[in-house]
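Next come the chains, spelled out residue by residue.
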Amino acid sequence: MGSSSSVEKKVETTGKEERGGVPKRARKRKVEEYASDPLSGSYKSDDGKVELRLDVDKVAPYWPVLNAASGDIRRDNGDLVSFQCRSLRSESNTTTFKGTAKMWRDEDVKSRAVRSAKVTIEAKQLQGKWTAHVTIQQKGYPEDMVFDCKRYSKYFRSVNLDVDYCTDTLQLPKFDTHSHPTRPFDLPQRILDLVTIFGDIGIEMVHNTENSSKVEDPDPSNPWSLSELKDVMKIHQNVNQNQWNLWVLLANKYRDPRSAGLMFDKKNRKGCVLFLDHPWFRGILDETPNPKAMRKFLHTLVHEIGHSFNLPHTFESGNQSSLSFMNYDWKYNEIHEPNAYFRNFHYTFDNAEVMCLRHGRSCWVEPGASRWGAGLPIISAPPDADSDDPHFTKLKLDVKPTKSSYSQMEPVFVELRIKNTHKRPIYLDTRLDLESHNTKIFVTTPDGRVLEVEPTTNHIIPPFIQGLYPEGSEEGPDRVSDVIPLVYGEDGFYFCSPGKYHIKAVYRSGEYYVTSEEIELSVEKVENTEILKVFFTDVMGEYIEMGGSEDSTYDACRELLNKLAGSDEYSPWADMLTSMTCQYKKKPRNVMRTEDNRRVKVSIQESSLETTLSRTQKLVDNLHANGTPRQSILYKKSVMQRAEIFIALGQAEKAEVEVKMMLNDLKERKVKFFVIQWIEDEWMKLKGESSPKTQQEIIQERVNEIVTWYTEDFDKEEEINEESGLGHSTIFSHFNRRHTSSRDDLVYKIMAKADDEDDIVSVLEYADSLQKTRQYNLSVVQDALLIFIVHHPLAKEAGIHFPEFPGAPEMDLSTSAISLTPDGPADESTMNYFRNDWDFCFHHSHWHRVYFGGKIPTSKETYTYLDRQGELFGYMHKQMLARYNAERESWGLEKAVAYDFSEVEPLGCDLGKQFHDHSENGRFHPRPARVQWRSADFTRFQKFENNIYEAIRNGELTFTPDENGLGQLKIEKIPLDLEEDVAAEGYEPRSGSMNWMGNILEATTQTFNKTYGNMHNEGHGIFGSTRSGSSYMHTTSHAVRDNIFYRWHTRIDDILHAFSGTRKTELNKDPPPVIISEWDIIISTSEDQPQGFDKWNKTTGWEQNFDSDTMQTTLGEPKKKFEFLKMSHKPFSYHIRLRRIDGSVNTPLPLTLRIFICPAKHVNDRRRWIEMDKFRFILGKDQDHATLTRQDRHSSVIRRNPNDSADDFEIAITKKVSGFCECGWPYNMMLPRGQNENGGEDYALMVFATDNKLDTLDVRSECGSLSYCGAKGMKYPDRRTMGYPFTTPITIGGKIVSINQAAQMLSNMGMTNFKIQNNVRIELDSPPDESVVRPTTVWQARTQLHLTTEAEYKPSSWTGRFRILIRGEMIESDDDIKHIRIRFQGRVKGNGDYKVRDMTLSERGDSLNLRNENILEVTVDGQTSFAIPESGRYSDILSFELEPEVDYFLTFLLDSPSCYVSPATSGEAVTWRIKDADGDAAVSQDWNALKEQGKISHTRSSLYAIQRILGAGENWQ
């Protein structure tokens, strides 16, 4: 480069991104050197005939250098010569450049370069300005082309941008690249707008805000139609026909709410529209614009302007991985992972696009001057799919014309249908319209030309991901269809000539690529050539494509179509054209234009609602009378459009009649049931009738379905290719580091999907697709989704919660492992009621989803670790042990003893057949008794434990990074006397010593190392692994059910207790000036304070003392799944009195009141105190005493219900914060059981007041437990150690004292006694009547289908006549069974009833036929036609003897879909169906013949409607 170019250097600093888009470490990025006096830019000759674009050095910091040149030369005869040189080189570091160029000799966009030429450019500075002497040597030409040019601009092109808007103010995109956390780690921080983005690539974008006009709209809620938008653009273009001029309209919303924007037709691509009411852009008009919305606004507008320069989508060139503005983010993410596009996008175009924009021929780049992608290669031929690629064979694409023969001018419609032919569900973008850019359609004309069908308007519409299921699956449809009009486009009318045409389609989205078979249709000649001449014009094509217009330009079009529709010769297809061109609006729009240098209003008026109904009536009448099944989608679209208009006119009853007529027609034409359901749902929404379920309920049900889905059906290849690395046969463990690491990776993928799309339904479908396509182990997917639900803001916005399935199954208490009688001795099985309490198990499982060890979102796309997880792990489990041991001792059992590494564990654990038979638990196995750890495990754990105790003795932790690379710590030592926080590099949670001890024991926060191991988690893994498979300790969902859990955690707690014993807590250091005596605290079963409790005497103080009530607890019948008995208690309250110490009045006194209970005999054992509550209370500045009442339901330790907070006094004196609503100790287990003898068990109650200003406990979570779970998005809201003051030994004045002594010595600690009494007897309403015969199950669907788990029925979508096989070998009957009852399964809550009729039971004959003897009619309430409610129903008692080893058939008709159950793997058919339930086939007795005729289908191994058959002898009641 020349010596005159000085150089500047700039350095940018940015954040490095980790999982979830989290900035990790600052990193410097060097921006390349750029010239202060550059050569690059535009040059022009003095006579204006030569234009040169030179591109050899950086003009600005982010300016790519292409080392290229291009130009346009207007010769004296008017011919245009263009050249492009893509590889210039400088000579010996001078300003002389040489290269080889391509030459074009005309302005035809399609013309090819005629020859190459050598180009020499000598740049010099004259009078401070760059000039260029250009020589072009063309082979075969005697004279060189020589010219001189002067540099006049640093840009290569200049474009005028005119922006009109419908909003109150003009808003153009302005985006701070660091305002959003999802970004490349090396992305410099800049403010980007249209000027800077296009300026970076050498395009000058000139925008004068004075030229921007507001499009006045009397009804902003009224959606725009395409014809209106084109009319507005036409008005604008009449004003300014500048070739290098672009127009943008920022409108409110479009008629199709999916559309975020559109580009006008390809023949005149000078303008685009964005619809700012689209969800993508919500928040850009806020005072502080939403960064994500602004990012999308910028990207979309730049993308559409790129199209104005004739740039195609990058994926149309076969590059779906391009990180260019011209790609869709979802197209990129489809083949990478969620949110990957913006994590890697640098806000620029790719090099080929930059080359085209800078140096492409002007006719390629000029807006509206060429076809789409004239300067870049795009795929425009119909390729054949390679059948060897498995992605091609999973789908089948069909093209079906609605007719096989058409007349000239008749609109051609084809149905596109894509079908799943794979054995697994396939999730893909199911938009088949051409605007989705998933589908291309190619038409071969009679003269052999191949035309790609391209609409004249391109919309930008988000994807719609939908599952297509295997054929015959009840989970959903196996196909999706759409009707596509093929009338007019880029190449004019596609079917304008008579003859044979061939049509082929291609679908490509993500990894899927499929081509249809070619179909043929014919176009018959119309003899009236005059009409044809008028019809086949661009004006008519535009009129049809835009859906009609009232603009006078199209008067002749309307007149012709009305004439055709009124003619018998051209009707009814002319009615279709009339219907296609009757868009409507209720009110006119006003836009501004310039006339004679002044702004005037121009009104746009579309056709009226009534006119639209009139124009579409004949079409609907014809589709009703003569429509075919192929026209069903067209029929539906026409009727639903009219229904919308009827409702707008207040004529909903007419819409109802027409919609019902259409539905009846579709049913008669045998349209699939799920299509009918879909239309009915759409109609319900359209007329505003609320669904029986809210959207939140529907989404919650979907969550529940996903996290309970189960299968064992996977093949060897799927096992090998499973992406988490676990395989499908492995049970996921929360305590296996490799498992949780894979789970965490998926958590961030799901969260990235949520951050990317802001659509909870898309997130759920994405998660479901990962398990059902066998891409991931289903347990990994389900656990990752549960963590997403707990933590991500999108889940909270949708109102979904952590799934709960508490319904109690039919449990036989007589066979339970617990047997309670007043005189019976207690043993280990006695504690089953505690360990298997459903709410308790849920608490433990949910806590580990809250504190799962990874980063969580503090807001959308901002992630951090939860505060003090290690400390809270130790404290929460310590509290579980305190409660468990209190419960054990209430039965006379010893407290849990720490497990010894060398012992032979004597008991084992078996939760029983009912537990293991349930679908949730089928893969878990009992833990066998009398098993000892392997010696290698014993040695390893003993080493880890010894090292931890040595660290405690030495007062410091010493870390060695883990050899397997998972170690995250970058420091060597941490002292264990820390009061303040310390952070290790690479590990964000700032931690005191207690937190570090919890971290190294639990190690879910990646603090693994060779010295201290991973004791807690690996211990769970050893106990959870048996020779038979995984046992309960393998998972947080069931670990607490196993008695060994408490022994193992006692060993873990012993370590934490040993550490805490090395520290001291001084209680006389900062006590608040307040007095609480033993007489000032009572616990009561009444919410009202005792009379006289608040009486105060200034001289003597409180006038009266009171005793606490005896707390009442109960053990009742089980309420939820897998429970043995259910604990509960009578509601209670604390009544507390406070008084100031003299001299402390005149200032408010904020206090933290901490409430604990403890078995009275253990008051000096700090491990036995149970935290019951802690809360804020303020003693007013003029108060020297106060009383307060605190209800049990407001406790900070329980899973607090937000509906119970209204009367909590703490609300008025704390800040409301978001909590983990499903997290917390169960309310029903808030009190220990106590004892029945001696009036109850003695307990101590303590209230300890601390200085709230030091505690910083000034918040209240709206729900959930603040003590056990903290608050979302903030530090743990109590600076004291968890369990304070019982965390460590306590001192007063430096001297260690007992807890009893402290209570006597401290004025701010009060301790009193109370009793807890329990009644264990379960009272029955009445003794069983032994004379009544009880039924037994003689056959059940679960047994016949070989299900090892409890059968779960799913709603079906099939109707027809069914025949169910009752296999004789599965009948368990004897001679005493004389009567039967059939149990029908309901469709489950929220799915409605179904109707059964004409059911019979008979012996099986030959194959599918019946034996004609002894056919039993099945009735309900004496009727042969009956409804089955959601809860299910029994038949009447029927006299019939079912014989073992004899096969039977139940035959019945379903008028509406019922439900079905399937085993995990396919087996022999047990259900057959005749779809045509009322046809001749239905009444035929010869089902074998019908099967041969193809009129009978079977459902593989699924079994419908019938759950079980009960049998009994005489006297059945």
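Residues numbered from 1 in each chain as written. Predicted model: local features only at pLDDT ≥ 70, side-chain atom pairs only at ≥ 80, totals over all residues. Heavy atoms only, no water.

Novice: Quick question: what am I supposed to make of the environment of Ile1075 here?
Specialist: Relative to the helices and strands, Ile1075 resides in strand 44 (residues 1074-1075). Spatially, the C-alpha atom of Ile1075 lies 8.3 Å from that of Gly1310, the residues being 235 residues apart in sequence. Leaving out residues up to four positions away in the same chain, Ile1075 has contacts with Asp1080, Arg1137, Leu1138, Arg1139, Ile1141 and Ser1307. (Helix = DSSP H or I, 4+ residues; strand = E, 2+ residues; numbered from the N terminus. Contact = heavy atoms within 4.5 Å.)

Novice: Is there a simple way to think about the packing of aromatic side chains in this case?
Specialist: Two aromatic rings are characterised by how far apart their centres lie and by the angle between their planes. For the structure shown, the criterion picks out 64 aromatic pairs. Considering the side-chain rings of Tyr875 and Tyr1268, the 6.4 Å spacing of their centres and the 70 degrees angle between planes classify their relative orientation as edge-to-face. With Tyr875 in helix 25 (residues 869-890) and Tyr1268 in helix 32 (residues 1266-1269), this residue pair connects regions lying 393 residues apart in the sequence. Across the pair, Tyr1268 and Tyr875 agree in class, each one buried. When the ring of Tyr884 is compared with that of Tyr1046, the centres are 3.7 Å apart and the planes differ by 10 degrees; the resulting orientation is stacked. Taken together, the positions of Tyr884 in helix 25 and Tyr1046 in helix 30 (residues 1044-1060) put the pair 162 residues apart, joining distant regions of the chain. A relative accessible area of 1% places Tyr884 in the buried class. Aromatic rings pair up to connect Phe175, Phe198, Phe309, Phe325, Tyr332, Tyr341, Phe342, Phe345, Tyr347 and Phe349 into one cluster. The ring of Tyr152 is capped by Lys44, whose NZ or CZ atom sits 5.0 Å from the centre of that ring. Looking at Arg1233, its charged tip hangs above the ring of Trp891, at a distance of 3.7 Å from the centre. (Phe/Tyr/Trp six-rings, centres within 6.5 Å; stacked < 30°, edge-to-face > 60°. Buried < 20%, exposed > 50% of the residue type's maximum accessible area, 1.4 Å probe, protein only. Lys NZ or Arg CZ within 6 Å of the ring centre and 35° of its normal.)

Novice: Could you clarify how one ought to interpret the environment of Asp555 in this entry?
Specialist: For Asp555, the location among the structural elements is in helix 11 (residues 555-565). On the accessibility criterion, Asp555 (37% relative accessible area) is partly exposed. Separated by 12 residues in the primary sequence, Asp555 and Tyr543 place their C-alpha atoms 10.0 Å from one another.

Novice: Even after reading the chapter, I still don't get the nonpolar core, so can you show me in this structure?
Specialist: Nonpolar side chains in soluble globular proteins generally cluster together in the buried interior. Of all hydrophobic cores here, the largest spans 132 residues; its most connected members are Phe788, Phe834, Met997, Met1015, Trp1048, Ile1136 and Leu1153. Those residues in contact with Leu1153 that lie beyond four places of it in its chain are Ile1076, Ile1136, Leu1138, Asp1173, Lys1174, Phe1175, Phe1177, Leu1188, Val1247, Phe1248 and Ala1249. (Core = buried A, V, L, I, M, F, W, Y, C linked by side-chain atoms within 4.5 Å.)

Novice: What is the right way to look at empty space enclosed by the protein in this model?
Specialist: Unoccupied space between atoms shows up once a probe the size of one water molecule is rolled over them. Taken as a whole and judged by the stated rule, the model has 15 cavities of 30 Å³ or more. The volume enclosed by the largest cavity comes to roughly 810 Å³. Forming the walls of the largest cavity are 34 residues, and the residues nearest its centre are Val707, Arg849, Glu920, Ser1037 and His1038. Elements with a contribution of two residues or more to the lining of the largest cavity: helix 17 (695-708), helix 21 (778-791) and helix 24 (838-850). Considered class by class, the residues forming the lining of the largest cavity number 15 nonpolar, 11 polar and 8 charged. Quantified by volume, the second largest cavity comes out at close to 200 Å³. Gly874, Tyr875, Lys878, Met1282 and Thr1287 are the residues nearest the centre of the second largest cavity, which is lined by 19 residues in total. Of all the elements in the fold, those that place two or more residues in the lining of the second largest cavity are helix 25 and helix 30. (1 Å grid on protein atoms, 1.4 Å probe; cavity = no way out; pocket = protein on both sides within 12 Å on 5 of 7 lines; lining within 4 Å. Points joined across faces, edges and corners; volume = space filled by probe spheres on them. Nonpolar A, V, L, I, M, F, W, Y, C, P; charged D, E, K, R; others polar.)

Novice: Quick question: what am I supposed to make of the pattern of salt bridges here?
Specialist: Should the charged atoms of two oppositely charged side chains come close, the side chains can pair. By the definition in use, this model includes 72 salt bridges. Between Lys1120 and Asp839 there is a salt bridge, with its nearest N and O atoms 2.7 Å apart. Remark: Asp839 occurs in helix 24 and Lys1120 occurs in the loop between strand 48 (1111-1116) and strand 49 (1126-1129); sequence separation between them is 281 residues. For Asp839, a relative accessible area of 13% translates into the label buried. Each of Asp1070, Arg1154, Lys1174, Asp1255, Asp1278 and Arg1280 takes part in one network of salt bridges that share partners. (Salt bridge = Lys/Arg side-chain N within 4 Å of Asp/Glu carboxyl O.)

Novice: Help me understand the sheet that holds strand 27 (residues 479-486) in this model?
Specialist: Strand pairing in a sheet takes place through backbone hydrogen bonds and is either antiparallel or parallel in direction. With respect to topology, 3 strands assemble into an open sheet ordered 19-21-27, the strand pairing being antiparallel. Edge positions in the open sheet fall to strand 19 (395-401) and strand 27, since each of these has one partner strand only. Each adjacent strand pair in this sheet contributes to an overall mean axis angle of 20 degrees, direction not counted. Here 8 bridges tie strand 21 (residues 412-420) to strand 27, and the two strands are oriented antiparallel to one another. Of the residues in strand 27, the one forming a bridge with Val412 is Leu486. On top of the sheet, helix 14 (residues 632-648) reaches strand 21 and strand 27; it is set at about 75 degrees to strand 27, its chief contact. (Pairing = 2+ DSSP bridges. Axes fitted to C-alpha atoms, helices over the stretch in contact; angles between N-to-C directions.)

Novice: Sorry if this is basic, but what is going on with helix 6 (residues 351-359) here?
Specialist: Each full turn of the α-helix corresponds to 3.6 residues, which orients residues three or four apart in the same direction. Most of helix 6 sits inside the fold, with 7 of its 9 residues counted as buried. Listing the buried residues of helix 6 in full gives Glu353, Val354, Met355, Cys356, Leu357, Arg358 and His359. At the N-terminal boundary of helix 6, the capping side chain belongs to Asp350, with an oxygen 3.2 Å from the backbone nitrogen of Ala352. (Polar contact = N/O pair within 3.5 Å; in protein donor to acceptor, adjacent residues only side chain to side chain.)

Novice: Would you explain the layout of surface pockets in this entry?
Specialist: Space inside the second largest pocket adds up to approximately 1200 Å³. Contributing to the lining of the second largest pocket are 43 residues, with Tyr427, Glu511, Tyr512, Thr773 and Gln775 lying nearest its centre. Counting residues per element, the lining of the second largest pocket draws most heavily on helix 20 (residues 760-772), at 5 residues.

Novice: It is not clear to me how the sheet that holds strand 57 (residues 1290-1292) should be interpreted in this structure. Could you clarify?
Specialist: Strand order in this open sheet of 3 strands is 43-57-58, and the pairing throughout is mixed. A strand with exactly one partner marks an edge of an open sheet, and here the two such strands are strand 43 (1065-1066) and strand 58 (1295-1297). Where strand 43 lies against strand 57, 2 bridges are found, and the strand directions are parallel. Paired with Glu1066 across the strands is Thr1291, a residue of strand 57.

Novice: Whenever I open this one, helix 24 confuses me. Can you help?
Specialist: With 13 residues, helix 24 should cover 18 Å at 1.5 Å per step; its first-to-last C-alpha distance of 18 Å lies within 8% of that length. Across the 13 residues that make up helix 24, a large majority, 13, are buried. Two or three places before Asp839, at the start of helix 24, stands the capping residue Asp837, its side-chain oxygen 3.0 Å from that residue's backbone nitrogen. (Expected span 1.5 Å × (residues − 1).)

Novice: Hey, could you run me through the packing of helix 17 against helix 20 in this one?
Specialist: A pair of packed helices can be characterised by two numbers: the angle between their axes and the separation between those axes. Running from N to C, helix 17 and helix 20 cross one another at 15 degrees; their axes reach a closest spacing of 10 Å. Between helix 17 and helix 20, the angle falls in the class roughly parallel. Relative to helix 20, the crossing made by helix 17 is left-handed. Between helix 17 and helix 20, the residues in contact are Gln695, Ile699, Arg702, Val703 and Ile706 and Ile760, Val761, Leu764, Glu765, Asp768 and Gln771, respectively. Residue classes in the contact of helix 17 with helix 20 are distributed as 6 nonpolar, 2 polar and 3 charged. (Parallel < 35°, antiparallel > 145°, perpendicular 65-115°, else oblique. Left-handed = near helix turned anticlockwise from the far one by under 90°.)

Novice: Where do I start with the packing of helix 29 (residues 1015-1023) against helix 30 in this structure?
Specialist: Where helix 29 contacts helix 30, the axes come no closer than 11 Å and their chain directions differ by 160 degrees. Relative to helix 30, helix 29 is oriented roughly antiparallel. The crossing of helix 29 and helix 30 is right-handed. Every residue of helix 30 that contacts helix 29 at Met1015, His1016, Gly1019, His1020 and Phe1023 is listed here: Ile1044, Phe1045, Trp1048, His1049, Ile1052 and Ile1055.

Novice: When you look at the confidence of the model for the protein chain in this model, what are you seeing that I'm missing?
Specialist: Regions with low pLDDT carry predicted coordinates that are not meant to be interpreted in detail. Taken over all residues, the pLDDT of the protein chain has a mean of 83, while the share at 70 or more is 86%. Note that pLDDT drops below 50 for residues 1-32; the model gives that stretch 89 contacts with residues more than four away or on any other chain. Here residues 808-823 is modelled with pLDDT under 50, and outside its nearest four sequence neighbours on either side it reaches 29 contacts, counting other chains as well. (pLDDT = per-residue confidence, 0-100.)

Novice: Would you take a moment to explain the pairing of strand 45 (residues 1081-1084) for this structure?
Specialist: Here is the key point about a regular strand: its side chains alternate between the two faces of the sheet. Burial along strand 45 is two-sided: Ile1081 and Ile1083 facing one way and Ile1082 and Ser1084 facing the other are all buried. Both strand 45 and strand 50 (residues 1133-1140) contribute to a ladder of 4 bridges, which runs antiparallel. Note that in strand 50 the partner of Ile1081 across the bridge is Ile1136.

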